[in-house]
Amino acid sequence: MAKTKFSVDHECGHTQEHDLSANPAGKRAGLAAWLKEKPCWDCGKSSGISEERKAEIQAETDETERTLELGELDATDRQRPKLLPWAREIRASKLREAYALVESGTETEAWFENNILGPAKQISQCSWWVDNREASIEDLPELLDDSGEENPHTWTGAKAAS
């Protein structure tokens, strides 16, 4: 009978036992060799971001929020554990990226205040930031513009229930 269980030394340095019985016998050894070039399950789950880097990102996000006096983002109880931290990171990153245009001389402080920061402070739903995470900096002012109408991404009153 062909071997079905393989002990794989992953690129991250961890060793894991893999049951490859669901794969054709002729492909198992090749799959085991391919798995050696990948991180183990636990390291892969963390998306390859070290705990140190996660702490750096959190510190950068906190500093940006403090410096720009950004308010808290609203999230349901269901969104709070994962979506809220991600949205905070996206918002801070987008605002830093936009301010880099000011630092490079491409844009002015007034442009940043009026077209980016002011409108960004009006958007309190974390889902808006996640939904627009792929937006380019050139598109951000238009996305943030609510054309003078009440911003539909701002929650007023009580927090939404989960």
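Residues numbered from 1 in each chain as written. Predicted model: local features only at pLDDT ≥ 70, side-chain atom pairs only at ≥ 80, totals over all residues. Heavy atoms only, no water.

**Some details on the overall build of the protein**
Next, step 1: Helix and strand content of the protein: seven helices and two strands.
Next, step 2: The helix and strand sequence of the protein, counted from the amino end, reads β-β-α-α-α-α-α-α-α.
Next, step 3: Here the protein holds 162 residues, and 31% of them are scored as buried.
Next, step 4: Sequence separation of at least 24 residues holds for 61% of the intrachain contacts in the protein that already meet a minimum separation of 6. (Helix = DSSP H or I, 4+ residues; strand = E, 2+ residues; numbered from the N terminus. Buried < 20%, exposed > 50% of the residue type's maximum accessible area, 1.4 Å probe, protein only. Contact = heavy atoms within 4.5 Å.)

**Observations concerning the pattern of salt bridges**
Next, step 1: This structure, assessed with the given rule, holds seven salt bridges.
Next, step 2: Of the charged contacts, one joins Arg53 and Glu56 as a salt bridge, the two residues approaching to 3.0 Å between their closest N and O atoms. Taken together, the residues Arg53 and Glu56, both in helix H3 (residues 51-67) and three residues apart, mark about one turn of the helix.
Next, step 3: We classify Arg53 as partly exposed; its relative accessible area is 33%.
Next, step 4: Glu56 sits in the partly exposed class, given a relative accessible area of 43%.
Next, step 5: Here Asp62 makes a salt bridge to Arg88, at a shortest N to O gap of 2.8 Å. In this pair, Asp62 is assigned in helix H3 and Arg88 in helix H4 (residues 83-103), connecting sequence segments 26 residues apart.
Next, step 6: Salt bridges here are not isolated pairs; linked through shared partners, they connect Arg53, Glu56, Glu60 and Arg96. (Salt bridge = Lys/Arg side-chain N within 4 Å of Asp/Glu carboxyl O.)

**Concerning the packing of H4 against helix H5 (residues 109-122)**
Helix-helix packing: each pair is described by the crossing angle between the helix axes and the interaxial distance.
Next, step 1: Direction vectors running N to C along H4 and H5 enclose 170°, while the axes themselves pass 9 Å from each other. It follows that H4 is roughly antiparallel to H5 by the angle criterion. Contacts between H4 and H5 involve Leu95, Ala98, Tyr99, Leu101 and Val102 from the first element and Glu109, Trp111, Phe112, Ile116, Leu117 and Ala120 from the second.
Next, step 2: Among the residues making up the contact of H4 with H5, the classes are represented as 10 nonpolar, no polar and one charged. (Axes fitted to C-alpha atoms, helices over the stretch in contact; angles between N-to-C directions. Parallel < 35°, antiparallel > 145°, perpendicular 65-115°, else oblique. Nonpolar A, V, L, I, M, F, W, Y, C, P; charged D, E, K, R; others polar.)

**Looking at the pairing of strand S2 (residues 15-19)**
Next, step 1: When strand S1 (residues 5-9) meets S2, the two strands line up antiparallel, connected through five bridges. By the bridge assignment, Phe6 is partnered in S2 with His18.
Next, step 2: Linkage of S1 to S2, two consecutive antiparallel strands, is achieved through a turn of five residues, within which Gly13 is found at a positive phi near 100°. (Pairing = 2+ DSSP bridges.)

**Some thoughts on H5**
Next, step 1: Its 14 residues give H5 an end-to-end C-alpha distance of 18 Å, which sits within 8% of 20 Å, the value for a rise of 1.5 Å per residue.
Next, step 2: At Ile116, H5 is deflected by roughly 25°, the largest bend along its length, and proline Pro119 occurs up to four residues later in sequence.
Next, step 3: Here H5 has its buried residues at Trp111, Phe112, Ile116, Leu117, Pro119 and Ala120.
Next, step 4: Turning to H5, the residues buried within the fold contact H4, helix H6 (126-131) and helix H7 (140-144). (Expected span 1.5 Å × (residues − 1). Bend = angle between axes of the 7 residues up to and from the residue.)

**Things to note about the packing of aromatic side chains**
Next, step 1: Per the counting criterion, the structure on display carries two aromatic pairs.
Next, step 2: Summarising the aromatic geometry, the rings of Tyr99 and Phe112 are spaced 5.0 Å apart at their centres and angled 75° between planes, so their arrangement reads as edge-to-face. A residue pair is termed long-range when its members are at least 10 positions apart, and Tyr99 in helix H4 and Phe112 in helix H5 qualify at 13 residues.
Next, step 3: Of the residues examined, Tyr99 reaches a relative accessible area of 27% and is grouped as partly exposed.
Next, step 4: A ring pair is formed by Trp128 and Trp129, whose centres lie 4.8 Å apart and whose planes are at 80°; its orientation type is edge-to-face.
Next, step 5: Classification of Trp129 by relative accessible area gives buried; the value is 1%. (Phe/Tyr/Trp six-rings, centres within 6.5 Å; stacked < 30°, edge-to-face > 60°.)

All we've got here are geometric facts, nothing functional implied.
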